Each structure stands twice: as structure tokens, then as C-alpha cells.
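Listed below are the residues making up each chain.
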Amino acid sequence: MSKVAVVMGSTSDMPVMQEAIDILRGFDIEVDVDIVSAHRTPEKLFDFSKNAHINGYSVIIAGAGGAAHLPGMVASLSPLPVIGVPVKSSNSIDGWDSILSILQMPGGVPVATVALNGAKNAGILAAQIIGSSDKCVLDKIIFYKEGLKQKVIEGAKAVNGK
């Protein structure tokens, strides 16, 4: 069974990152959650990142606000796909500092970046990565997307009266 790590720079990021945790659990994907600060616990960051693949993770979702170095540092040390979630924090420049810090990675150190506070999409993307080699997860994603389609169709009927 595939496993996803959801890490964030501080507990203040948890309300945003909870959406990734919830969607992954909805797809019956095992999730481990931890606080790993790139600036305050660099040793923990190095240990986690270098050993994530050994510890059975398939994908890492890393959320951070402000300078937002966590996703890039994790990606620099881990061979796994990393999805970065820029978090609009209290010390943020309206979230742009987080977005650009995660988005503008140098060649060779990719971080898939979702929208500001877009942890739900990070969870869906992680599930899609896993689903590319796990038919059970893929089937759940197909069902989920069909549900999204049905909501739009029902909304259109309600608006149009048809």
C-alpha cells in the first residue's frame, strides 16, 4: 500500500494542510503527518528527506509559508516526487513570497506547486501519482472526478430549470 507524507513548517499551517490529509484519507491512502521546519529543525529535515523513500513513502506533500524553503529543501534531498503547498501565513507578503519560493526551483530540483493554500489539490495530485501504478486508487480518483462532473450537471439543471 502506498503512503504519503504530509509535512509542514509549523502547526499554524495545519488548517490549510488538513485538506490534503482529508482527501488522501478519503481515497484510503495512508498518510503520516509531521512538523518539519527547514529553519528551526534542519537536522530533522535532512533525516526525514533522505530516508522518506526507505520509510515507504511514495509522495511527499510539503506546505510552508513565508520564505517557504521546506518543499525545495525536501526535494533537494529526496528522490521522491514533492508537491509544494504555498501557505499564506501571518508574516507573508500576501502569499506571494511563499508561491515564488516554491515555484521558482532551479533545474534538477523539481517541486510540483499548487495554488496558494491549495492543499486539497496537492492531495489529489499525490493520489493521481499513486494511481498511475495502483488501479484501486485510480478507480477511486475516476469515481471522485465523476462526482465533480455530476455536481456541475446538477448545478446547471438547477440554474436552467431543466
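Residues numbered from 1 in each chain as written. Predicted model: local features only at pLDDT ≥ 70, side-chain atom pairs only at ≥ 80, totals over all residues. Heavy atoms only, no water.

Heads up, the rule is: UniProt positions are given in the numbering used here, feature names are shortened, and annotations may be inferred rather than shown by experiment.
An unreviewed UniProt entry lists the protein chain under the name N5-carboxyaminoimidazole ribonucleotide mutase, with Maribacter orientalis as the source organism. In its Sequence similarities (unreviewed entry) section, UniProt records this for the protein chain: "Belongs to the AIR carboxylase family. Class I subfamily." You can read under Pathway (unreviewed entry) in the UniProt record for the protein chain the words "Purine metabolism; IMP biosynthesis via de novo pathway; 5-amino-1-(5-phospho-D-ribosyl)imidazole-4-carboxylate from 5-amino-1-(5-phospho-D-ribosyl)imidazole (N5-CAIR route): step 2/2."

**Structural notes on the pattern of salt bridges**
This is how it is decided: Here a salt bridge means any side-chain nitrogen of Lys or Arg lying within 4 Å of a carboxyl oxygen belonging to Asp or Glu. Runs of E in the DSSP output that reach at least two residues are strands. Runs of H or I that reach at least four are helices, and both are numbered from the N terminus.
The tally for this structure, following the rule as stated, stands at 6 salt bridges. With a closest N to O distance of 3.9 Å, Lys3 and Asp32 form a salt bridge. Linking Lys3 in strand S1 (residues 3-8) with Asp32 in strand S2 (residues 30-35), this pair joins segments that are 29 residues apart in sequence.

**Points about the sheet that holds S1**
Cut-off, in case you're wondering: DSSP-based pairing: two strands are paired if at least 2 bridges between them are found. Note on definitions: a residue-residue contact is assigned when non-hydrogen atoms from the two residues lie within 4.5 Å. Throughout, an axis means a line fitted to C-alpha atoms (over the contacting stretch in the case of helices), and angles, computed between N-to-C directions, take values from 0 to 180 degrees.
An order of S2-S1-S3-S4-S5 is seen for the 5 strands of this open sheet, with the pairing classed as parallel. Strands at the two margins of the open sheet, each flanked by one partner only, are S2 and strand S5 (112-113). Relative to S2, S1 runs parallel, the two sharing 6 bridges. By the bridge assignment for S2, Val7 is matched with Asp34. Each of S1, strand S3 (57-65) and strand S4 (82-87) is contacted by helix H3 (residues 70-77), which is oriented at about 150° to S3, the strand it contacts most. Taken strand by strand, helix H5 (residues 119-131) contacts S1, S3, S4 and S5, and its axis lies near 165° from that of S3.

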